[in-house]
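Observations on chain architecture
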Amino acid sequence: MSEKPIRHYENRLQQLRDEAETRLALATAKPSALKISPTQITQATESLLHELQVHKVELEMQADELQRANWNVEDSRDRYLHLYEYAPIAYFTINADGMATDVNLKAATMLGIERKNLIQHRFVQFVADEDKDNWHRAFVNFKKETAGKEQAITLRLARKDGTTFHGQLDCLKLVDANQQLVFRITIADISNLKRAEAELRVAAIAFESQEGIFITDANTIIIKINRAFTRITGYSGEELIGKTPHLLSSGHHDDDFYKAMWDNINSTGLWNGEVWNKRKNGELYVQRLFITAIYDDDNVVQNYVASLIDITNEKAAVAQIEKLAFYDPLTNMPNRRLLLERIKHTLASTQRNGQNGALLFIDVDNFKTLNDTLGHDVGDVLLQQIAQRLAACVREGDTVSRIGGDEFVVMLENLSEHAETAAQQTKNAAEKMLAALNQNYLLGTHDYHCTSSIGIILFSGHNASVDELLKQVDMAMYQAKHNGRNTLCFFDEKMQSTLEERVKLEHDLQLALKLNQFQIYYQKQVNQDGETVGAEALIRWLHPERGIVSPMEFIQVAEENGMILDIGIWVLETACQQLKLWEGNARNKQLHIAVNVSSRQFYQPDFVAQVMAVIERTAIDPSKLELELTESLVLDSIDDAIQKMNELNKFGVTFSIDDFGTGYSSLAYLTQLPLALLKIDQSFVRNIGVKTTDAVIVQTIIGMAKNLGMRVIAEGVETEEQHLFLQHNGCTLYQGYLFSKPVPLLEFEQFLSLSECTAVPT
Ligand code: C2E
Ligand code: MG
Ligand code: MG
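Fair warning: this is a prediction, and the values are worked out from it, not measured in the lab.

**Some words on the coordination of the magnesium ion (ligand 3)**
- Each protein donor to the magnesium ion (ligand 3) is listed here as Asp658 (OD), Asp659 (OD), Glu715 (OE) and Glu715 (OE); together their distances run 2.0 to 2.7 Å.
- Separating the magnesium ion (ligand 3) from the magnesium ion (ligand 2) is a gap of 4.1 Å, which aspartate 658 spans by donating to each of them. Taken together, the positions of aspartate 658 in strand β23 (residues 654–660) and glutamate 715 in strand β25 (residues 711–715) put the pair 57 residues apart, joining distant regions of the chain.
- A relative accessible area of 6% means that glutamate 715 is categorised as buried.

**Some words on the site of ligand 1**
- Inspection of the region around ligand 1 gives 23 residues, with Asn596, Asp658, Gln682, Glu718 and Tyr737 positioned closest.
- At 2.8 Å from an oxygen atom of ligand 1 is found a side-chain nitrogen or oxygen belonging to asparagine 596.
- In this structure, aspartate 659 approaches ligand 1 through a side-chain N or O atom, which is 3.1 Å from an oxygen atom.
- When ligand 1 sits alone it has 790 Å² of accessible area, and the protein chains cover 85% of it.
- Taken together, the elements giving at least two residues each to the shell around ligand 1 come down to β19 (532–543), α16 (551–561) and β23.
- In terms of residue count, β19 provides more of the shell around ligand 1 than any other element does, four residues in total.
- A class-by-class count of the residues in the shell around ligand 1 yields nine nonpolar, seven polar and seven charged.

**Some words on the coordination of the magnesium ion (ligand 2)**
- Listed as protein donors to the magnesium ion (ligand 2) are Glu536 (OE), Asn596 (OD1), Glu628 (OE) and Asp658 (OD); their distances from the metal cover 2.0 to 2.3 Å.
- For asparagine 596, a relative accessible area of 28% gives the class partly exposed.

**So, the domain arrangement of the chain**
- Looking at the chain, the domain boundaries give domain 1 (3–82), domain 2 (86–195), domain 3 (210–316), domain 4 (327–491) and domain 5 (564–754).
- Relative to domain 5, the C-alpha centre of domain 3 lies at a distance of 75 Å.

**Here we look at the packing of helix α11 (residues 367–374) against helix α12 (residues 376–393)**
- Closest axis-to-axis distance for the α11/α12 pair is 6 Å, and the angle between their directions is 140 degrees. Classified by the interaxial angle, the pair formed by α11 and α12 is oblique. Here Phe367, Leu370, Asn371 and Leu374 of α11 lie close against α12, whose contacting residues are His376, Val378, Gly379, Leu382 and Leu383.
- When the residues that make up the contact of α11 with α12 are grouped by side-chain class, the tally is six nonpolar, three polar and no charged.

Definitions and limits used
- Residues numbered from 1 in each chain as written.
- Chains lettered and ligands numbered in written order.
- Predicted model: local features only at pLDDT ≥ 70, side-chain atom pairs only at ≥ 80, totals over all residues.
- Heavy atoms only, no water.
- Donors = N, O, S within 2.8 Å, 3.2 Å for Na, K, Ca; no water.
- Helix = DSSP H or I, 4+ residues; strand = E, 2+ residues; numbered from the N terminus.
- Buried < 20%, exposed > 50% of the residue type's maximum accessible area, 1.4 Å probe, protein only.
- Near = heavy atom within 4 Å.
- Polar contact = N/O pair within 3.5 Å; in protein donor to acceptor, adjacent residues only side chain to side chain.
- Areas by Shrake-Rupley, 256 points an atom, 1.4 Å probe, with all protein chains shown as cover.
- Nonpolar A, V, L, I, M, F, W, Y, C, P; charged D, E, K, R; others polar.
- Domains from an automatic or database assignment.
- Axes fitted to C-alpha atoms, helices over the stretch in contact; angles between N-to-C directions.
- Parallel < 35°, antiparallel > 145°, perpendicular 65-115°, else oblique.
- Contact = heavy atoms within 4.5 Å.

Structure, rendered in structure tokens:
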């Protein structure tokens, strides 16, 4: 209770007392001064009595009033204490020395320190280390201020447990009743506020991220956008705020699209997807858009937050990659990969709708010659023109693909359900293509004419796999070529059985090496004295059902499916082991072995290393190993060939050109190669005495080899006549049935021992 009401009561009491005294004095003075009649006395007594009673009542009332006032005072004090102690802020009273003289309970709980340990302690003790200096400075300055001044400061305060928190301090400088300077400090814990501030700062930074962000109210009116959004769309905040995002729409999506989007947002609160929008400059762009609905506590949408990334460039890059992956860069037509996908797809749809589809395998006749004579650039232009002509021959929805080199595959879709009609439709299309491809081409300055061969297969859902179809149509194309080029050929049953045989052959071939079914036959090579100087190693396949299978039947297949690599290394290894054995035998140590090398084998990047490894493993004299290469192999990549041959030649390995005369027989390349030997192809040898031109060719080859300092060997020498002609024309080495067929090792070695006592054929 304040002092004022107390004084008021005291005054009032005094007033009453004075009044009562005065009246009492009056009452006692009157009877002695005056003659008072008994009646008067009685009256006076009664009056006094009355007065006293009134007074008594009055006193009782005052007592009540006082009691109530007392209660009020106590109540107020309680309220004050309660407020003081339990206020949400801490109170400190500190003296001019910075010593706490009084604190409230909240101060104790806020700092986690008992009140008794706060009082009579310096306030700075409770300030966190990092802010102690700040406090000192502020306090010193504050002390200089006049009394009644207030000052606010934010400090980090330290709790007993060492943790700190941010406090907002409001200080009031006062002079107390004892004329002492005191400072009343209220402290509010503003840690949450600080945290919220920090979060806001983070949110503000996040808002200005690389992603475009716009926020709308519940009615999709834009209320805020970030800078990235302006950068992406070209619109400023002023232009967009207050509008709906509709302003940005490109017209690319229909109503259903937006309906589905809003259905999703309304049901899940989220949506993300790709949206085409329009920039301010009218340019279309595609964005990945994330929309999130923000709800209030009652689950009512307050805002929508949309963030977006411009993925236009990314999309273009993906499209470019896809194009590279699925399209032939030269012609812009689908490549093999995409063709396979489409066939798969069409196979499935023909199965559903019963229609037929067709594959047409188109191969340009003699394309290699064009490439070799006019160059690859001209070849490329031809391929581009062919692609265009083919595309002009088909309907929309059909596929024209280039699957490699000069090979195109066209897929026709939606042909008749009746096979015969479908075949006729396909035949018409193929004839149209043949005719189109037959027209002259203008390749730069060259007027060029070429034909093509087309293989055809019809398909309908169930009858084949994609792989089989491609094999079949490839075969039909080869048949078309075989039939004289510039023709078309449907795949038929005969081809089917050939294909099946091939599949079986491939399958058996897979097992042949593992099951030790290969053997090397040796065919001797003799000099003009009939002495065996070496042998050609010729592989044989001892097939469990088919007996001896000629390499003519399987080398090509092995080359195509890659098995030639294992087979080739096996032949090389076996031949070298044989050389090693012969090396230890005086009679045979001069013999060399010629090993045939296939193209795929030769062009392996580590071919040289492989050969060297075998030579080292078997420890042979490398000069006894002769590798036979064909002209076309060498010409496929002449620089690579020269390098590999030179490398091996340095170690002593020799090289010969097999089947010489059937290829290009270009002098230019011959001189660049480290060749020891030319092998005249047997087709010329066979025609000696039959075809004069071939005999002349044989003479020419022998002359050429001599001029180039190479030796020359004739293969396929069957008759004495051939032998004599060759001998007469200066060929000194021979291989052929006249001397021996290729035979197994044992037989070959028997020959060798026999030949020592046998007369040399002359
Ligand atoms: P090539 O290298 O030209 O081998 C000569 C072929 O002519 C051999 O056929 C041989 O038996 C045959 N021949 C030899 N003298 C005569 C003759 O007087 N008259 C007739 N009509 N033929 C004769 P073969 O053994 O069937 O080999 C065929 C082809 O298979 C070889 O032709 C060669 O290109 C390839 N080949 C054989 N063995 C291998 C091998 O181990 N690796 C590789 N990559 N190819 C091989
Ligand atoms: Mg050979
Ligand atoms: Mg040959």
